[in-house]
Amino acid sequence: MGTGRHPSDIEDAVRAGGLDWTVLRPGGFHSNAGQWAPAVREQRTVAAPFGDVALPTVDPADIAAMAAAALTGDGHGGATYVLTGPEPVSPRAQAQAIGAALGERVRFVELSREQARERMLAFMPAPVVEATLAVLGEPTAEEVRVSPDVERVLGRAPRTFAAWAEDNAALFR
């Protein structure tokens, strides 16, 4: 099955393995914003492509809580959960939330697709860079959809990016 943008090989192997399984399928993580920490600390700047394209990133704490629920609770065998935060958030809005957590303005600088590609190639293989840029720049309706799975399983709303930024403000100080 997979996500459509990424191959399903690993999920297929898990399903075919003969054991009970639960797939947790997070998209972007709130903590991916940690890559901006040096620039925020040094220049109070976030640089990213597609500044106004919003995706529903998820807090790693919610991923961990979902994993714990799947491992310790009943009724999760054979389930695939899509993990998102409570709302789509753009890179520009993420910069604003980091600034609010710091009590200072954080400037947003929009990178071109090519500038972002060059930066990403320093730590990602080219096919992964291209798939990532496609998701970030031209997300599908499914990729921008907020999933009800975290709230349904945990009985509470997923954590917002702003709450994550507040909890992790020291990373950006």
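Residues numbered from 1 in each chain as written. Predicted model: local features only at pLDDT ≥ 70, side-chain atom pairs only at ≥ 80, totals over all residues. Heavy atoms only, no water.

Details of the packing of aromatic side chains
Alright, step 1. Under the criterion given, the structure shown has two aromatic pairs.
Alright, step 2. The interplanar angle of 35° and the centroid separation of 5.5 Å between the aromatic rings of Phe161 and Trp164 together place this pair among those described as tilted. Taken together, the residues Phe161 and Trp164, both in helix H9 (residues 161-167) and three residues apart, mark about one turn of the helix.
Alright, step 3. For Phe161, a relative accessible area of 4% puts it in the buried group.
Alright, step 4. Summarising the aromatic geometry, the rings of Trp164 and Phe172 are spaced 6.1 Å apart at their centres and angled 75° between planes, so their arrangement reads as edge-to-face.
Alright, step 5. For Phe172, a relative accessible area of 0% corresponds to the buried category.
Alright, step 6. The structure contains a cluster of three or more aromatic residues connected by ring pairs, namely Phe161, Trp164 and Phe172. (Phe/Tyr/Trp six-rings, centres within 6.5 Å; stacked < 30°, edge-to-face > 60°. Helix = DSSP H or I, 4+ residues; strand = E, 2+ residues; numbered from the N terminus. Buried < 20%, exposed > 50% of the residue type's maximum accessible area, 1.4 Å probe, protein only.)

Observations regarding the nonpolar core
Alright, step 1. Grouped together as the largest cluster of nonpolar side chains are 19 residues, with contacts concentrated most on Val40, Ile98 and Phe161.
Alright, step 2. For this core, the elements supplying multiple residues, two or more each, are helix H2 (37-43), strand E2 (45-49), helix H4 (91-102), H9 and helix H10 (169-172).
Alright, step 3. Looking at which element gives the most residues to this core, the answer is H4, with five residues.
Alright, step 4. Setting aside its immediate chain neighbours within four residues, Ile98 contacts Ala33, Trp36, Val40, Val106, Phe161, Ala165 and Phe172.
Alright, step 5. Counting residues in hydrophobic clusters, the runner-up holds eight residues, among them Ala47, Leu111, Met120 and Met124. (Core = buried A, V, L, I, M, F, W, Y, C linked by side-chain atoms within 4.5 Å. Contact = heavy atoms within 4.5 Å.)

What to know about the pairing of strand E3 (residues 79-83)
Alright, step 1. Only one face of E3 is covered, namely the face carrying Ala79, Tyr81 and Leu83; the face carrying Thr80 and Val82 is uncovered.
Alright, step 2. Pairing analysis gives five bridges linking strand E1 (residues 22-26) to E3, with the strands arranged parallel. Opposite Pro26, over in E3, you have Leu83 as the bridge partner. (Pairing = 2+ DSSP bridges.)

Focus on the pairing of E2
Alright, step 1. Among the five residues that make up E2, five are buried, leaving the element largely enclosed by the rest of the structure.
Alright, step 2. Residues Thr45, Ala47 and Pro49 of E2 are buried on one face, and the alternating residues Val46 and Ala48, pointing to the opposite face, are buried as well.
Alright, step 3. Where E2 and strand E4 (residues 107-111) come together, five bridges link them in parallel fashion. The partner of Val46 across the bridge, within E4, is Phe108.

Description of the packing of helix H5 (residues 113-121) against helix H6 (residues 126-137)
The description of two packed helices rests on the angle between their axes and on the distance between the axes.
Alright, step 1. The contact between H5 and H6 brings their axes to 10 Å, and the two run at 140°. With respect to their mutual orientation, H5 and H6 come out oblique. The chirality of how H5 crosses H6 is right-handed. Along its contact with H5, which presents Arg113, Ala116, Arg117, Met120 and Leu121, the element H6 presents Ala126, Val129, Glu130, Thr132, Leu133 and Ala134.
Alright, step 2. Of the residues in the contact of H5 with H6, the class split is seven nonpolar, one polar and three charged. (Axes fitted to C-alpha atoms, helices over the stretch in contact; angles between N-to-C directions. Parallel < 35°, antiparallel > 145°, perpendicular 65-115°, else oblique. Left-handed = near helix turned anticlockwise from the far one by under 90°. Nonpolar A, V, L, I, M, F, W, Y, C, P; charged D, E, K, R; others polar.)

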